[in-house]
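# Architecture at a glance
Take a look at the letters that make up each chain.
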Amino acid sequence: YKGTSKRLFSGKLLAIVASTYEPGDMEITVSSSGMETQSLKISSIPCSYPEGLSNTLFENKSSDPKKEIPVRKIELVSLDGNRLDQNKRSVTVKAILHPENTSYQDVEWRVTDDSGYDSIIADVEANGKTAVLTAKTDGKVRLRCAARNGRNYISMYSQLEFEISGFGEANLDPYSFISGSQYNYCSRELGIGIERGVTTPIDGAETVIGFKNINFGDFGSDEITIPIFSPDQEVFPIEIWEGIPGEPGSELLDTVIYTKGSIWNTYQEQAYKLRKRISGIKTISFALRKRINIKGFSFKKIDKAYEKICVKDCSRIYGDTYRITEDAVEDIGNNVSIEFDDMDFTDTGTDRLLICASSNNANNTIHIRFSDGLNTVGHIAEFPCSPEYTVREFSIEPVTGKQKLTFIFLPGSRINFKWFKFLRS
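Residues numbered from 1 in each chain as written. Predicted model: local features only at pLDDT ≥ 70, side-chain atom pairs only at ≥ 80, totals over all residues. Heavy atoms only, no water.

### Thoughts on the overall build of the protein
A tally of regular secondary structure across the protein gives zero helices and 33 strands. Burial statistics for the protein: of 425 residues in total, 41% are counted as buried. Long-range pairs, those at least 24 residues apart, make up 68% of the contacts in the protein between residues at least 6 apart in sequence. Counting every atom, the protein has about 23,600 Å² of accessible surface; 47% of that belongs to carbon and sulfur. Distance between charge centroids for the protein: 2 Å, based on 51 positive and 58 negative side chains. (Helix = DSSP H or I, 4+ residues; strand = E, 2+ residues; numbered from the N terminus. Buried < 20%, exposed > 50% of the residue type's maximum accessible area, 1.4 Å probe, protein only. Contact = heavy atoms within 4.5 Å. Areas by Shrake-Rupley, 256 points an atom, 1.4 Å probe, with all protein chains shown as cover. Lys, Arg positive; Asp, Glu negative; His and termini not counted. Charge placed at Lys NZ, Arg CZ, Asp CG, Glu CD.)

Now the structure itself:
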């Protein structure tokens, strides 16, 4: 399976000839190593130029020829075809440079979607002029191989299209930038925005843009940043929805106001704190009634391990006796375990813990267990009688890195547990 090269500029050579103001015949010669030299003869006619303007400003100057052989074509070959599935998760693709003796042997590889944005459904592992494409989720991707030809920018590239099936749908990462061109729902036809964004229609009627399968994780986030280009200085609202407006289960998260005004053809970022933290795999939609360019959006990744965490928002809970209320887990009794995944204490670590709880028992022993997958470390917190919800601080041995946290309550416990928070060392 072979791909063909694409140049980022026209294949035709554009030359600007700067003659003097003296008439006569000229010959233009174009040559390059490995190619046939071509010439073109033209004539200049007499003309006048404004007084005081030197004709030497427009005279062509000779320069030393550049002794290089540029890449003129990149041929991509996949011997295993262009379809990947559970039986063929990876394919190897080779880049053949033409001419073979080009002065520039370095190439760069990327996996993109149809819009040229980095794709999340496959990975590429490059080794010089060979690359291995590995499927992650279902969809279509383009494997690109580019050459710079000694410049500080891509001068040409070649690409192959691949189709992936049998792995399930791809989830978008809200903590990396999600391009506007990655939308998979729109209530009306959208235009192509600058820098792979999208443009809403000009008539001012409501437009809904939806992004499905966004994986916020079990803790989630409530802070979004949106880069916007508005053609005028007008202040306007943006409705941010969980789900698609009008569909069952959809919810208006917030109506935020864009106030940055306009800088021509320039995106300006504005951050918003939403009324609700979003977690799990969700659809996020934007409802607008104004023509604007949206480059995309991203959410702030919350440092879960050091946040105030409501106990009822645990990863899982099991045991003999407990009751989940609106803002707590109450009547915790015999053999109850409450687990929290993805607690990353980083290299900073923690050595103190705040617990908000209440109990009529004279004392409640809370076992606190950390597991990094290889080692398990336990601590004990003794929570005394507190009929009303009370916050108490406990010292623990320092904990760092990624951990699974478990609170364990043994027989004889009777406690209501509302929230906890780790403090940085």
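Still to come is the rest of the account.
### As for the side chain of Asn364
Its place among the elements puts Asn364 in strand E30 (residues 350–371). The contacts of Asn364, once residues within four sequence positions are left out, are Ser359, Ala381, Glu382, Phe383, Ser413, Arg414 and Ile415.

### So, the packing of aromatic side chains
Going through the model one piece at a time under the given rule, you end up with 19 aromatic pairs. Considering the side-chain rings of Phe417 and Phe420, the 6.3 Å spacing of their centres and the 50 degrees angle between planes classify their relative orientation as tilted. Geometrically, the ring pair formed by Phe420 and Phe422 is edge-to-face, given 5.9 Å between the ring centres and 80 degrees between the ring planes. The same class applies to Phe420 as to Phe422, namely buried. The lysine or arginine in question, Arg277, covers the ring of Phe219, its NZ or CZ lying 4.0 Å from the ring centre. For Lys418, the ring lying beneath its charged end belongs to Tyr389, and the centroid distance is 4.2 Å. (Phe/Tyr/Trp six-rings, centres within 6.5 Å; stacked < 30°, edge-to-face > 60°. Lys NZ or Arg CZ within 6 Å of the ring centre and 35° of its normal.)

### Section: the nonpolar core
Ile338, Phe340, Phe407, Phe417, Phe420 and Phe422 are the most contacted members of the largest nonpolar core, which totals 33 residues. Of all elements in the fold, only strand E28 (329–332), strand E29 (336–344), E30, strand E31 (376–399), strand E32 (402–409) and strand E33 (415–424) reach the threshold of two or more residues within this core. Apart from residues lying up to four places away in sequence, Phe420 is in contact with Glu307, Lys308, Ile309, Val311, Phe340, Met343, Leu353, Leu354, Ile355, Leu405 and Phe407. Counting residues in hydrophobic clusters, the runner-up holds 27 residues, among them Ile178, Leu190, Leu253 and Ile284. (Core = buried A, V, L, I, M, F, W, Y, C linked by side-chain atoms within 4.5 Å.)

### Notes on the sheet that holds strand E20 (residues 251–258)
The sheet built from five strands is open, its strands ordered E14-E17-E22-E19-E20 with antiparallel pairing. Of all strands in the sheet, those bounded by a partner on one side alone are strand E14 (185–186) and E20. As judged from the seven bridges shared by strand E17 (residues 207–215) and strand E22 (residues 281–288), these two strands associate in the antiparallel manner. What sits directly across from Ile214, in E22, is Lys282. (Pairing = 2+ DSSP bridges.)

### As for the pairing of E31
Of the pairings in the sheet, the one linking E30 to E31 comprises 17 bridges and is antiparallel in character. Residue pairing across strands places Asn364 opposite Phe383, the latter belonging to E31. Counted between consecutive antiparallel strands, the loop separating E30 from E31 contains four residues, among which Gly373 sits at a positive phi close to 100 degrees.

### A word on the environment of Glu169
Turning to its location among the elements, Glu169 is positioned in the loop between strand E12 (156–164) and strand E13 (178–179). If we skip the residues at most four places from it in the chain, Glu169 touches Thr137 and Asn213.

### Brief notes about the pairing of E22
Of all eight residues that make up E22, six are buried, and the element is covered over most of its length. Of the strand pairs in this sheet, strand E19 (residues 236–242) and E22 are connected by four bridges, and their pairing is antiparallel. Within the sheet, the bridge partner assigned to Ile240 lies in E22 and is Phe286.

### Comments concerning the pattern of salt bridges
Within this structure, the stated rule accounts for 29 salt bridges. Between Arg148 and Glu108 there is a salt bridge, with the nearest N and O atoms lying 2.4 Å from each other. Residue Arg148 is located in the loop between strand E11 (139–147) and E12, and its partner Glu108 is located in strand E8 (residues 108–112); the two are separated by 40 residues in the primary sequence. For Glu108, a relative accessible area of 34% translates into the label partly exposed. The salt bridge involving Lys136 is made with Asp123; its shortest N-O contact spans 3.7 Å. Here Asp123 lies in strand E9 (residues 122–127) and Lys136 lies in the loop between strand E10 (130–135) and E11, a separation of 13 residues in the sequence. The class of Lys136 is partly exposed, set by a relative accessible area of 36%. On the basis of relative accessible area, Asp123 is assigned to the partly exposed category, the value being 40%. If you follow the salt bridges from partner to partner, you end up with Glu242, Glu251, Lys276 and Lys282 in one network. (Salt bridge = Lys/Arg side-chain N within 4 Å of Asp/Glu carboxyl O.)

### Quick word on unusual backbone geometry
Each neighbour pair has its own omega, and for His98 with Pro99 the value is -5 degrees, a cis peptide bond. Mapped onto the secondary structure, Pro99 falls in the loop between strand E7 (90–98) and E8.

### Comments concerning the confidence of the model for the protein
The pLDDT averaged across the protein works out to 90; a share of 91% of its residues lies at or above 70. Throughout residues 1–5 the model reports pLDDT below 50, and contacts reaching past four residues in sequence, or to other chains, amount to 27 contacts. (pLDDT = per-residue confidence, 0-100.)

### Observations regarding the environment of Thr400
Here Thr400 lies in the loop between E31 and E32. By relative accessible area, which is 43% here, Thr400 ends up partly exposed. Residues Thr400 and Phe370 lie 30 residues apart in sequence; the distance between their C-alpha atoms is 9.9 Å.

### What about the side chain of Ser337?
When you line up the elements, Ser337 lands in strand E29. Sequence-distant contacts of Ser337, that is, excluding residues within four places in its chain, are made with Arg316, Ile317, Tyr318, Thr406, Phe407 and Ile408.

### Details of the environment of Lys212
Position of Lys212 relative to the elements: it lies in strand E17. When residues no more than four places from it in sequence are discounted, the contact partners of Lys212 are Leu172, Asn184, Tyr185, Lys282 and Thr283.

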